[in-house]
Amino acid sequence: MEKIDIHLANEQEKVMAAHLLATSEPWITLHITEDQCRKNCHDPEYLVYMAYKGGSPAGIIILDPRGVAGSPYIKSIAVYPEFRGEGIGSKLLAFAEDLFRNKARHIFICVSSFNRRARNLYEKYGFKAVGEFRDYIIEGASEILMHKWI
């Protein structure tokens, strides 16, 4: 299995991350624009990491170190289409946990109710639903807050 390299994103990689997010689900369905994604990727409060596999960009994760009641929050995670199903999402989740393991006891993530594939991954990885925000971003869909002890 090829090694996955994960490092803090540089400015060019943040632009790439914003484009990946804006052209992927759930951001398409949620009507989140590339400009909004770019603002998130360049927000100094967030940590943006880029994953590479075989020298190619494979995925991104955006972390808010004090996101939910002072506990880390995974703001966004996305994998390039050609790398989906290869464990990149799991590697990014493990990376986030390892990053905060000595600093926090909890980690959180939200998932859109219509994004079953992502929710299945998070549940498989040990996250449990702890709350639901109905019609939070778009009417007819919920955002599910999920939690995991680390």
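Every chain begins its residue count from 1, and numbering advances along the sequence as written. With pLDDT at 70 or above as the cut-off, local features in this predicted model cover only qualifying residues; side-chain atom pairs require 80 or more to be listed or tallied, and sums for whole chains, interfaces and linings still use all residues. Only heavy atoms go into the side-chain values, all of them from the structure, while hydrogens and water stay out.

Caption draft 1: Structural view of the environment of Asp-35. Numbering goes from the N terminus for both helices and strands, where a helix is a DSSP run of H or I of at least four residues and a strand is a run of E of at least two. For Asp-35, the location among the structural elements is in helix 2 (residues 34–41). For Asp-35 and Asp-5, which are 30 residues apart along the polypeptide, the C-alpha to C-alpha distance reads 27 Å.

Caption draft 2: The arrangement of the pattern of salt bridges in detail. For salt bridges, the criterion is a side-chain nitrogen of Lys or Arg within 4 Å of an Asp or Glu carboxyl oxygen. Evaluated as defined, the whole model comprises twelve salt bridges. The salt bridge partner of Glu-34 is Arg-38, with a shortest N-O separation of 3.7 Å. One end of the pair, Glu-34, and the other, Arg-38, are both in helix 2, four residues apart, so they sit about a helical turn from each other. With a 1.4 Å probe rolled over the protein chains alone, any residue whose accessible area is under 20% of its type maximum counts as buried; one over 50% counts as exposed, and the rest are partly exposed. Glu-34 sits in the partly exposed class, given a relative accessible area of 26%. The closest approach of N and O atoms between Arg-101 and Glu-97, which form a salt bridge, is 3.5 Å. In the salt-bridge network here, residues are joined through shared partners; they are Glu-34, Asp-35, Arg-38 and Lys-39.

Caption draft 3: Structural view of the packing of aromatic side chains. Pairing of aromatic side chains here covers Phe, Tyr and the six-membered ring of Trp, requires ring centres within 6.5 Å, and sorts the geometry by plane angle: under 30 degrees stacked, over 60 edge-to-face, intermediate tilted. Scanning all chains against the criterion turns up three aromatic pairs. When the ring of Tyr-122 is compared with that of Phe-127, the centres are 6.2 Å apart and the planes differ by 65 degrees; the resulting orientation is edge-to-face. Here Tyr-122 falls in the buried class, since its relative accessible area comes to 6%.

Caption draft 4: The arrangement of helix 4 (residues 116–124) in detail. Those residues of helix 4 not exposed but buried are Ala-118, Arg-119 and Tyr-122. The buried residues of helix 4 all sit within an arc of 100 degrees when viewed along its axis, so they share a single face. Every exposed residue of helix 4 that faces more than 90 degrees away from the buried side is listed here: Arg-117 and Lys-124. When checking whether two residues touch, look at their non-hydrogen atoms; a contact exists if any pair is within 4.5 Å. In this structure, the buried side of helix 4 is in contact with strand 4 (71–79), helix 3 (88–100), strand 5 (106–112), strand 6 (128–134) and strand 7 (142–149). It is the directions from the helix axis to the C-beta atoms that the arc portrays.

Caption draft 5: View of the sheet that holds strand 7. Think of it this way: DSSP has to see at least two bridges between two strands before they count as a pair. Strand order in the open sheet formed by seven strands is 1-2-3-4-5-7-6, and the pairing between neighbours is mixed. Single-partner strands in this sheet number two, and they are strand 1 (4–8) and strand 6. Going across the sheet, the axis of each strand differs from the next one's by a mean of 25 degrees, ignoring polarity. Judged from the seven bridges that link them, strand 2 (residues 47–53) and strand 3 (residues 56–68) form a sheet pairing that is antiparallel. Directly across from Tyr-49, in strand 3, lies its bridge partner Ile-61. To define axes, lines are fitted to C-alpha atoms, for helices over the stretch in contact only, and angles between the resulting N-to-C directions are given on a 0 to 180 degree scale. Of the strands in this sheet, strand 4, strand 5, strand 6 and strand 7 touch helix 4, which is tilted by about 160 degrees from strand 5.

Caption draft 6: A look at a nonpolar patch on the surface. A patch is a set of surface residues, each over 30% in relative accessible area and not in a salt bridge, joined within 9 Å for like charges and within 5 Å for the nonpolar side chains Val, Leu, Ile, Met, Phe, Trp and Tyr. Reported accessibility uses the Shrake-Rupley method at a 1.4 Å probe radius. Residues are deemed covered only where the shown protein chains occlude them. A contiguous nonpolar patch, built from Phe-133, Tyr-136 and Ile-137 and spanning about 310 Å² of accessible area, is present on the exposed surface. Take Phe-133: it is sitting in strand 6. Of the residues examined, Phe-133 reaches a relative accessible area of 36% and is grouped as partly exposed.

Nothing here speaks to function; it is all geometry.
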